[in-house]
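# What the coordinates show
Residues per chain are reported as follows:
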Amino acid sequence: MPGQIQHPGYEEEKLLRVSKLLPCRDVQAGRLLALMGEPEQYSYPSIFIYGHRATGKSHVLHTLLNELELPYATVSCVECLSLGLLFQKIILSLFGSDCVPLLPRSPSLSDFVRVYKQLCVQSTAKQTKYIVLDRADLLRDMEANILPAFLRLQELVEDNVTVVLLSEIVWEKFRPNTGCFEPLLLHFPDYSKDELQQIMCEDSHPSYTSELYSAFINILLGVFYSVCRDLRELRHLAALNFFKFIEPLEKDEVKESDIHRLWRNIEPHLKKAMQTVYLREVSSVQWEQQQMAEKEAGALRGLSAHAHVELPYYSKFLLIAAYLASYNPARTDKRFFVKHHGKIKKNNFLKKHEKTSNHLLGPKPFPLDRLLAVFYSVVDSRVAPTASVFSQISSLVTLQLLSQLGHDDQLDAPKYKCAVSLDFIQAISRTVSFDIVKYLYDFL
Ligand SMILES: Nc1ncnc2c1ncn2[C@@H]1O[C@H](COP(=O)(O)OP(=O)(O)OP(=O)(O)O)[C@@H](O)[C@H]1O
Ligand SMILES: [Mg+2]
């Protein structure tokens, strides 16, 4: 049977169970097992396992150790604030809590080696013991002798012990420049899309068919695989969105076979979730609540895709000014922005034939000085023209909220166009308590 891990030293039945628990990792598990050898045999002193996050390093190793009932100690170097704690945890896991007091207070490496040796002589166990050091990259920050010592611990304590280092970083970044014992290297490659699909489908929900769940995972990966390949993160997203996916089924609106309708229902929801992958600015619970609140509030408040754009105070006014300059005819500026503009006849002001909506025609370009003029009138001349205003304009261009027209060589007279929608600018205006509709010629 392909994909089945084999080793003469272990029962067929146990290995079969291990294979089942490790989909898509039989190659790595098989290699690791080959390196570990039979329980009584001396194994290689140190093994270095590396690969990106959530590629199953810990999972494969611990499944093997647990299922094959091998003695081991796992310590995450993140948790060990001091070296003493690291040694204590190893002694505790390998020899039991009674032995921990043998270590002196804040033990050194030589204390650890001495106590370990002493305990070994007392015990008669012949099996290989394993010491798993997770986040091994942190060993590099400890005293310089620690990493080299762990790599050849077998020799130092004269026991059948193998140290396994787990790391996201390659071995080349570990090797001290003074040289040291070289561990065996084992790489865990990233999961491919198909592999992720296969692994994630194993989680299927008891009340739904596995075909439905598999279709769901397929949709989920279709959306997220391009931005996120982290199995943990994807699983979290699957758990978070599955109930949304089956909502129409629960309400009997859609049949289970109608995947297309289900897809249409879930897709916008997933796209929104995409904004928070990795950033996770909010917890899952908060996110769910936000989604509920948004639904209740009805229409989106106009910020939609730009919801996360937080602009500086004056940039908001600059954008408002740009919007006004783009959609109001230039000759009406006087009417809106000059306090005592004298009498402008309403008839003159509102030329009937011109009353096709400027909003239908789209934004018009305007020169920089007009933008500044409008800007100073809307902010009530509270700011002096400074370099910061100009740099904020270029930031708005970078953010694609404004677009700059003309060529790079026309330095003297750049023209701009405002590139945001009415909904968006209204939302921005609201945040600075500016009633933009009052200043728009189209809405007079
Ligand atoms: N082949 C697999 N089959 C089933 N579950 C898996 C598989 N690979 C990984 N997982 C699960 O994915 C999660 C992450 O895997 P694991 O903790 O082994 O990653 P890791 O490589 O140790 O990552 P890190 O470097 O972050 O520690 C775990 O919950 C694990 O159970
Ligand atoms: Mg791990």
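Below: a short report on this structure. What you see is a predicted model; the values in this text were computed from it and never measured. (Residues numbered from 1 in each chain as written. Chains lettered and ligands numbered in written order. Predicted model: local features only at pLDDT ≥ 70, side-chain atom pairs only at ≥ 80, totals over all residues. Heavy atoms only, no water.)

This part covers the site of ligand 1. Every one of the 16 residues lining ligand 1 counts as a neighbour, but P23, K57, S58, H59 and Y191 are closest to it. Contacts to ligand 1 include K57, whose side-chain N or O atom sits 2.8 Å from an oxygen atom. H59 is positioned such that a nitrogen or oxygen atom in its backbone is 2.8 Å from an oxygen atom of ligand 1. Protein burial of ligand 1: of its 630 Å² of free accessible surface, 82% is covered by the chains. For the shell around ligand 1, the elements supplying multiple residues, two or more each, are α3 (57–67) and α10 (231–250). Considering only residue class, the shell around ligand 1 consists of five nonpolar, five polar and six charged. Two domains each donate at least three residues to the shell around ligand 1, and these are domain 1 (12–187) and domain 2 (193–301). (Near = heavy atom within 4 Å. Polar contact = N/O pair within 3.5 Å; in protein donor to acceptor, adjacent residues only side chain to side chain. Areas by Shrake-Rupley, 256 points an atom, 1.4 Å probe, with all protein chains shown as cover. Helix = DSSP H or I, 4+ residues; strand = E, 2+ residues; numbered from the N terminus. Nonpolar A, V, L, I, M, F, W, Y, C, P; charged D, E, K, R; others polar. Domains from an automatic or database assignment.)

Before going further, it helps to spend a moment on the pattern of salt bridges. For the coordinates displayed, the defined rule picks out 14 salt bridges. We note a salt bridge from E247 to K244, for which the minimum N-O separation is 3.7 Å. With E247 and K244 both in helix α10 and three residues apart, this pair spans about one turn of that helix. Notably, a salt bridge pairs E247 with K251, separated by 4.0 Å at the nearest N-O pair. Given a relative accessible area of 26%, E247 falls into the partly exposed group. What emerges from the salt-bridge pattern is a single network uniting K244, E247 and K251. (Salt bridge = Lys/Arg side-chain N within 4 Å of Asp/Glu carboxyl O. Buried < 20%, exposed > 50% of the residue type's maximum accessible area, 1.4 Å probe, protein only.)

Attention now goes to the sheet that holds strand β6 (residues 366–367). Here three strands make up an open sheet; going across it, the order is β6-β8-β7 and the pairing antiparallel. In the strand order of this sheet, the two ends are held by β6 and β7 (402–405), each with one partner. Sheet topology note: the β7/strand β8 (residues 415–418) ladder contains four bridges and is antiparallel. Bridge pairing in β8 places S403 opposite K417. (Pairing = 2+ DSSP bridges.)

With that settled, consider helix α11 (residues 259–274). When the terminal C-alpha atoms of α11 are compared, their 21 Å separation across 16 residues agrees well with the 22 Å that a helix rising 1.5 Å per residue should span. At I266, α11 shows its largest bend, some 35°, and a proline, P268, comes one to four positions later. Residues of α11 that are buried include every one of L262, I266, H269, L270 and A273, and no others. (Expected span 1.5 Å × (residues − 1). Bend = angle between axes of the 7 residues up to and from the residue.)

Moving on: the nonpolar core. In terms of nonpolar packing, the biggest core is built from 40 residues, with L86, F112, L133, L139, F150 and L165 touching the most fellow members. Going through the elements one at a time, β1 (46–51), β2 (72–76), α4 (83–95), α5 (109–122), β3 (129–134), α6 (146–151), α7 (153–157) and β4 (161–167) are the ones with two or more residues in this core. Not counting residues up to four positions away in its chain, the partners in contact with L86 are V75, C80, L133, L139, M142 and F150. Counting 38 residues, the second largest nonpolar core, distinct from the first, contains A322, F424, F434 and L440. (Core = buried A, V, L, I, M, F, W, Y, C linked by side-chain atoms within 4.5 Å. Contact = heavy atoms within 4.5 Å.)

Relative placement of two packed helices is described by the angle separating their axes and the distance separating the axes. In the contact formed by helix α8 (residues 193–201) and helix α9 (residues 210–224), the axes pass within 10 Å of each other and the chain directions differ by 140°. Relative to α9, the element α8 lies oblique. As α8 packs across α9, the resulting crossing turns out to be right-handed. Contact residues: K193, L196, Q197, M200 and C201 in α8; Y213, S214, I217, N218, L220, L221 and G222 in α9. Class assignment of the residues belonging to the contact of α8 with α9 gives a composition of seven nonpolar, four polar and one charged. (Axes fitted to C-alpha atoms, helices over the stretch in contact; angles between N-to-C directions. Parallel < 35°, antiparallel > 145°, perpendicular 65-115°, else oblique. Left-handed = near helix turned anticlockwise from the far one by under 90°.)

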